[in-house]
Amino acid sequence: LEYKRYVALLTQTGGDAPTAVVLENTIGDIWLSYGGQGYYSVNSDAKFTESKTWPIISLNVTGLGDNYSFLAYRNNENEVTIVTGIGGDQAFDGLLNNTPIEIRVYN
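The present account deals with the structure reproduced in this document. A quick note: this is a predicted structure, and the numbers were derived from the prediction, not measured. (Residues numbered from 1 in each chain as written. Predicted model: local features only at pLDDT ≥ 70, side-chain atom pairs only at ≥ 80, totals over all residues. Heavy atoms only, no water.)

1. Describing the sheet that holds strand β8 (residues 99-106)
1) Next: If you trace the four strands from one edge of the open sheet to the other, you get β2-β1-β8-β5, paired in antiparallel fashion. Strands at the two margins of the open sheet, each flanked by one partner only, are β2 (19-25) and β5 (53-57). With direction set aside, neighbouring strand axes in the sheet form an average angle of 20 degrees.
2) Next: Across eight bridges, the pairing between strand β1 (residues 3-11) and β8 is antiparallel. Looking at β8, one finds that Ala-8 is bridged to Ile-101. (Pairing = 2+ DSSP bridges. Helix = DSSP H or I, 4+ residues; strand = E, 2+ residues; numbered from the N terminus. Axes fitted to C-alpha atoms, helices over the stretch in contact; angles between N-to-C directions.)

2. Considerations on the pattern of salt bridges
1) Next: Counted under the stated rule, the structure contains three salt bridges.
2) Next: The shortest N-O distance in the salt bridge between Glu-102 and Arg-5 comes to 3.2 Å. With Glu-102 in strand β8 and Arg-5 in strand β1, this residue pair connects regions lying 97 residues apart in the sequence.
3) Next: Judged by relative accessible area, Glu-102 falls into the buried class, the value being 15%.
4) Next: For Arg-5, a relative accessible area of 24% corresponds to the partly exposed category.
5) Next: We note a salt bridge from Glu-102 to Arg-104, for which the minimum N-O separation is 2.8 Å. (Salt bridge = Lys/Arg side-chain N within 4 Å of Asp/Glu carboxyl O. Buried < 20%, exposed > 50% of the residue type's maximum accessible area, 1.4 Å probe, protein only.)

Function cannot be read off these values alone, since they describe shape.
See below:
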């Protein structure tokens, strides 16, 4: 199967949108936004097709314990949502630190 992809390293602090070091982008125009504490969006202009978009995020927290969670999911055709947290469902900022993300959109 062929797919387009966005691969980046994300970093976020305070109440700011994440910044990205983009390693590869064949999807098109992508931008990041802050949605509230521990909630972030990877945005596109209707590029995230239903049933064909697969976001992958990896935990990249070291020396801070093992009760951290990172989640990425397709919210709609315009947005992939990222949630970072500590201890169950509590959302926290500042956990993205050169955190790898890949979003694949299959043909």
